[in-house]
Amino acid sequence: MAQGLLSSYRITVDAPMSRLPYDEMRLADGGIRPHYQSFAEWLGQTPAGRIAQKREEAERAFHRLGITFAVYGEDSGTERLIPFDLVPRIIPAAEWAMLERGLKQRVQALNAFLHDIYHEQRILAAGRVPAERVLGNTQYRREMRGLDLPGGIYAHIAGVDLVRAGEGEWYVLEDNLRVPSGVSYMLENRRMMMRLLPELFATQSIRPVQHYPDMLLKNLHEVSPAGEDAPTVAVLTPGAYNSAYFEHAFLAQQMGVQLVEGQDLFVQNDTVFMRTTHGPQRVHVLYRRVDDDFLDPTAFRPDSMIGVPGLLAACRAGRVTLANAIGTGVADDKSIYPYVPDMIRFYLAEEPVLNNVPTYQLGGPADRGYVLEHLADLVVKEVHGAGGYGMLVGPASTAAERAVFRERILAAPGNYIAQPTLALSTCPTFVESGLAPRHVDLRPYVLSGKTVNLVPGGLTRVALREGSLVVNSSQGGGTKDTWVVAD
Amino acid sequence: MLCRVASELFWMARHIERAENMARMLDVTYRTSLLPYQVTEPGLAWAEPWSVPLITSGLATAYYRDNPVLSAETVLRFMILDSTNPSSVYCCLRAARESARNVRGAITSEMYEDLNTAWLEMRRYDYDTVQQMGVSNFLEWVKMRSHLFRGVTFGTMLRDEAYHFIRLGTHLERADNTARILDVKYHLLLPSTADVGGAVDYYQWAAVLQSVSGFESYRKIYSDVITPRRVAELLILRDDMPRSLHCCMNFIHETIERLGEDHSHSRELERASGQLHAQLHYGRTDDIIDLGLHEYLMDFLERISSLGDEISRVFLAPSY
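Residues numbered from 1 in each chain as written. Chains lettered and ligands numbered in written order. Predicted model: local features only at pLDDT ≥ 70, side-chain atom pairs only at ≥ 80, totals over all residues.

**With respect to the overall build of chain A**
Part 1 of the reasoning: Within chain A, the regular secondary structure consists of 14 helices and 21 strands.
Part 2 of the reasoning: The globule rule puts the C-alpha radius of gyration for 487 residues at 23 Å, and the 23 Å found for chain A is close to it.
Part 3 of the reasoning: In chain A, the proportion of contacts linking residues at least 24 apart, taken out of those at least 6 apart, comes to 68%. (Helix = DSSP H or I, 4+ residues; strand = E, 2+ residues; numbered from the N terminus. Rg over C-alpha atoms; globule rule 2.2 N^0.38 Å. Contact = placed C-beta atoms within 7 Å.)

**With respect to the confidence of the model for chain A**
Part 1 of the reasoning: Overall, the predicted model of chain A reaches an average pLDDT of 89, with 92% of residues at or above 70.
Part 2 of the reasoning: Here residues 68-78 of chain A is modelled with pLDDT under 50, and outside its nearest four sequence neighbours on either side it reaches 17 contacts, counting other chains as well. (pLDDT = per-residue confidence, 0-100.)

**So, the sheet that holds strand E5 (residues 258-260) of chain A**
Residue and element names in this part refer to chain A.
Part 1 of the reasoning: Strand order in the open sheet formed by four strands is E5-E4-E9-E10, with parallel pairing between adjacent strands. The open sheet terminates on both sides in strands that have one partner only, identified here as E5 and strand E10 (321-323). Within this sheet the neighbouring strands show an average axis-to-axis angle of 30 degrees, counted without direction.
Part 2 of the reasoning: Across four bridges, the pairing between strand E4 (residues 233-236) and strand E9 (residues 285-288) is parallel. Note that in E9 the partner of valine 233 across the bridge is valine 285.
Part 3 of the reasoning: Relative to the sheet, helix H9 (residues 212-222) contacts E4, E9 and E10, its axis offset from that of E4 by approximately 110 degrees.
Part 4 of the reasoning: Strand contacts of helix H10 (residues 245-255): E4 and E5, with the helix running at about 150 degrees to E5, the strand carrying the most contacts. (Pairing = 2+ DSSP bridges. Axes fitted to C-alpha atoms, helices over the stretch in contact; angles between N-to-C directions.)

**Describing the interface of chain B and chain A**
Part 1 of the reasoning: The interface is formed by 18 residues belonging to chain B together with 18 residues belonging to chain A.
Part 2 of the reasoning: Those elements that place two or more of their residues in the side of chain B that touches chain A are helix H1 (3-33), helix H5 (89-102) and helix H6 (109-123) of chain B.
Part 3 of the reasoning: If one sorts the elements of the side of chain B that touches chain A by residue count, H6 of chain B sits on top with four residues.
Part 4 of the reasoning: Taken together, the residues of the side of chain B that touches chain A break down into seven nonpolar, five polar and six charged. (Nonpolar A, V, L, I, M, F, W, Y, C, P; charged D, E, K, R; others polar.)

**Quick look at the pairing of strand E18 (residues 445-448) of chain A**
Part 1 of the reasoning: Here E18 of chain A shows two buried faces, one formed by Tyr445 and Leu447 of chain A and the other by Val446 and Ser448 of chain A.
Part 2 of the reasoning: Turn length for the E18 of chain A-strand E19 (residues 452-454) of chain A hairpin, with the two strands adjacent in sequence and antiparallel, is three residues. (Buried ≥ 20, exposed ≤ 12 C-beta atoms within 10 Å, placed from the backbone.)

**Thoughts on the environment of glutamate 466 of chain A**
All names here are of chain A.
Part 1 of the reasoning: Relative to the helices and strands, glutamate 466 is located in the loop between strand E20 (459-462) and strand E21 (478-485).
Part 2 of the reasoning: Classification of glutamate 466 by C-beta neighbours within 10 Å gives partly exposed; the count is 13.
Part 3 of the reasoning: Along the chain, glutamate 466 and glutamate 401 lie 65 residues apart, while their C-alpha atoms are 21 Å from each other.

**Let's talk about the sheet that holds strand E15 (residues 416-420) of chain A**
Residues and elements named next belong to chain A.
Part 1 of the reasoning: Strand order across the open sheet formed by four strands is E12-E15-E13-E14, with antiparallel pairing between neighbours. Across the chains shown, the open sheet's two edge strands, defined by having one partner strand only, are strand E12 (360-361) and strand E14 (391-393).
Part 2 of the reasoning: As paired strands, E12 and E15 are joined by two bridges and run antiparallel to one another. Each bridged residue has a counterpart across the sheet, and for glutamine 361 the counterpart in E15 is isoleucine 417.

**Quick notes on helix H13 (residues 245-259) of chain B**
Part 1 of the reasoning: The first and last C-alpha atoms of H13 of chain B sit 21 Å apart over 15 residues, in line with the 21 Å expected at 1.5 Å per residue.
Part 2 of the reasoning: Of all the residues in H13 of chain B, the buried ones are Leu245, His246, Cys247, Cys248, Met249, Ile252, His253, Thr255, Ile256 and Leu259 of chain B. (Expected span 1.5 Å × (residues − 1).)

**Some points on the confidence of the model for chain B**
All names here are of chain B.
Part 1 of the reasoning: Here chain B shows a mean pLDDT of 89. Residues at 70 or above account for 93%.
Part 2 of the reasoning: Looking at the elements of chain B, mean pLDDT is at its lowest for helix H10 (residues 199-211), recorded as 82, and at its highest for H13, recorded as 96.
Part 3 of the reasoning: What the predictor reports for the complex is a pTM of 0.81 with an ipTM of 0.77.

**Here's the deal with the packing of H9 of chain A against H10 of chain A**
All names here are of chain A.
Part 1 of the reasoning: Remark: H9 packs on H10, axes separated minimally by 9 Å, with the N-to-C direction vectors making an angle of 80 degrees. Relative to H10, the element H9 lies roughly perpendicular. Residues Pro213, Leu216 and Leu217 of H9 form the contact with H10, whose own contacting residues are Leu251, Gln254 and Met255.
Part 2 of the reasoning: Here the residues of the contact of H9 with H10 are counted per class, giving five nonpolar, one polar and no charged. (Parallel < 35°, antiparallel > 145°, perpendicular 65-115°, else oblique.)

**A word on the environment of threonine 203 of chain A**
Part 1 of the reasoning: Topologically, threonine 203 of chain A is positioned in helix H8 (residues 198-203).
Part 2 of the reasoning: Separated by 164 residues in the primary sequence, threonine 203 of chain A and phenylalanine 39 of chain A place their C-alpha atoms 9.0 Å from one another.

**Details of the nonpolar core**
Part 1 of the reasoning: Counting 198 residues, the largest nonpolar core has Leu110 of chain A together with Leu9 of chain B as its most contacted members.
Part 2 of the reasoning: Here this core takes 14 residues from H1 of chain B, the largest share from any one element.
Part 3 of the reasoning: If near-sequence neighbours (up to four positions away) are discounted, leucine 9 of chain B is found in contact with Val103, Ala106, Ala162, Phe165, Ile166 and Gly169 of chain B.
Part 4 of the reasoning: Counting residues in each nonpolar core, the second largest holds 13 residues, with Val371, Ile409, Ile417 and Ala418 of chain A among its members. (Core = buried A, V, L, I, M, F, W, Y, C linked by C-beta atoms within 7 Å.)

**Description of unusual backbone geometry**
Residues and elements named next belong to chain A.
Part 1 of the reasoning: Look at the link from alanine 323 to asparagine 324: it is a cis peptide, with omega at -5 degrees.
Part 2 of the reasoning: Here asparagine 324 lies in the loop between E10 and helix H12 (340-348).
Part 3 of the reasoning: Its identity is not glycine, yet aspartate 270 carries a phi of approximately 60 degrees, on the positive side.
Part 4 of the reasoning: Checked against the element boundaries, aspartate 270 lands in the loop between strand E6 (265-268) and strand E7 (271-276).
Part 5 of the reasoning: Positive phi values are uncommon outside glycine, yet alanine 349 reaches one of about 50 degrees.
Part 6 of the reasoning: Topologically, alanine 349 is positioned in the loop between H12 and strand E11 (355-356).
Part 7 of the reasoning: Residue alanine 349 is classed as exposed on the basis of its C-beta count, with 7 C-beta atoms lying within 10 Å.

**Looking at the pairing of strand E17 (residues 434-443) of chain A**
Residues and elements named next belong to chain A.
Part 1 of the reasoning: Within E17, eight of the ten residues are buried, which leaves it mostly tucked inside the rest of the structure.
Part 2 of the reasoning: Pairing between strand E16 (residues 426-431) and E17: six bridges, direction antiparallel. When the bridges of E17 are listed, threonine 426 appears paired with histidine 439.
Part 3 of the reasoning: Hairpin geometry of E16 and E17 is characterised by an intervening segment of two residues between the two adjacent antiparallel strands.
Part 4 of the reasoning: Inspection of the sheet shows E17 paired to E20 by four bridges, in the antiparallel sense. Looking across to E20, one finds that aspartate 441 is bridged to arginine 461.

**A few points about the packing of H6 of chain B against helix H8 (residues 135-156) of chain B**
Residue and element names in this part refer to chain B.
Part 1 of the reasoning: Where H6 meets H8, the axes come as close as 9 Å, and the angle between the chain directions of the two elements is 170 degrees. Judged by the inter-axis angle, H6 sits roughly antiparallel to H8. Together, Glu110, Met111, Asp114, Leu115 and Ala118 of H6 and Arg145, Leu148, Phe149, Val152, Thr153 and Thr156 of H8 make up the contact between the two elements.
Part 2 of the reasoning: Among the residues making up the contact of H6 with H8, the classes are represented as six nonpolar, two polar and three charged.

Pasting the structure below:
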């Protein structure tokens, strides 16, 4: 029966794309890629009933555990499941080795950039990045000027979104250096797969990911304020009504550290303390999942109820380390994205291993002219947007939608960048009618402490609607387990 | 542990215990409402017993704000399903689950799953489904969910600070609620004074005992003659009776002493707790009867409430 799933799996051209997308499992001639052989065999041998049963088990388990992701703007706060698909996204080891090199390189350069713009600003003086883009950026925090951070690290946790457009053809879609999320899904997906389909792990050598929390904790210890032997680490969460709360609680528990909210902390003599049943206890490192703006009502937004008064002062006094540091947002801004490959050359004197998606900047007349001519072929994004909103997907738009967007562009061209539509790779995914190709991306998590490290793989997000390129969970995307296998 | 977390755990435990005791209270009322009753006020036929849970829980004012009429149905709706009554079974289960959700790191996953399941099931009930199921059966379900939660907690939780705050909340609430259930009898009218010691009196006391699962225990210890004196002794002073005030205070005092070990500001709390414990540990039944059972219980409720406030001041919401 399951053999039918495989044989009926067809890769098709999504209108209005013009070429067959790269499929992670199937070759153009219908053959199975070597790293998917083992899985394909299992699919062929397993009765459809068992697969259906496993899919149901996964859904029930996730629901029972209350793993949910509140969707903004939908029946405020309703709990909904992020769909998990049973088919893993498999990456051969050699390919991962290349990605890993490129990711480490990129994050190192980004951290060097952040250190530089808050100190000597050499890259601005050299004219490699327009000063206005950095210093005029709302995410640039003057309060961080001249402050020396432990290890010079700003982005301790970076989520770099990657897409594959063809054989060996990978692009970085965007960097996430503020409060990147999703790693809990990566960990829970692996745990789920091992529980549901242990036989798959017996036949292949799949590199483990469960050590992520240990790696993270080690890094956080390494960036503690100077002279601390046994630093206290805590995770700062906005609270249970935040859409990523499950992840905050999960990571705190996995690392064995306290999960705190703003109200649990207070600052005295520039030192951060937790309110405990035994009296105040000092905090040295705070893994904060609260945005810069809401961190400290005395320094940033005064209406923030989830911050800690005096936290910025404690940072500046070097009495507490925040991960990620305040002010990293300037480096993951879409207007800075085009300059990242050059940062690698400038700070590391190396050629980038990973490329950006070719990007047009609409602030410049030449690029703008080209883009307005070819709106139907391009994806146009707002520079300050997030989560897949405020975007025009040219090939999927109507003439009316393009006309409206044209007006928005002309009103504020500097707010937009455009990129060619990439034929994102597809991965087999369970749908109503069986197994079908769906577009996927990849978000590996890069950790920086004394060294830069990653667990193999990352979070694979899948666009569940046929032909859709939008993988964000807040817009109906799902996730898969990601496997890096030894060839 | 974080004060906020201790507070959530404490109140999570109190809410589950309160839901259970609400069910027990309604159970007494339901049983006594089946007894023959002399109408003492026209228009209140068969409704009198239903005023008792409102009075003893201190909810009469809230009830009469929206419900001019007293009837079995309206009281049951109010105390089981009303989302605006913070002490309703519905609100208690919701609050317990919310607290658990807020402190998931401090409890085992089995505990959270258990409360989550109880809440999801509660959400599906409305008055009609409760009636269909049978009021007694529904109340039994509430008690069972509480037993389950206690079992899961006792069976899976590390004996850490979180565990102790949960036990503290459970026993504080149990002591308070048991005193209120006992006080029910004071408010239950007998058709006439001549009926003291008669059949109705017996059944009312039996109902009180059954609601705290003490009927069989009573018979084991005292044989079948139910007297107020012995009920008071069993449910207030005997520490081998798990729901007695003495037994609850044993746990409360022991837990407060344990939690106060590393604490510099818990002297007054330990003293107050010790004093109330001693009152029960060394108390005499005669003294309770002489004072009057109702008066004794009222005094106890006040003291247990002060204890709750002091616990909050010391552990849950201290000011620095």
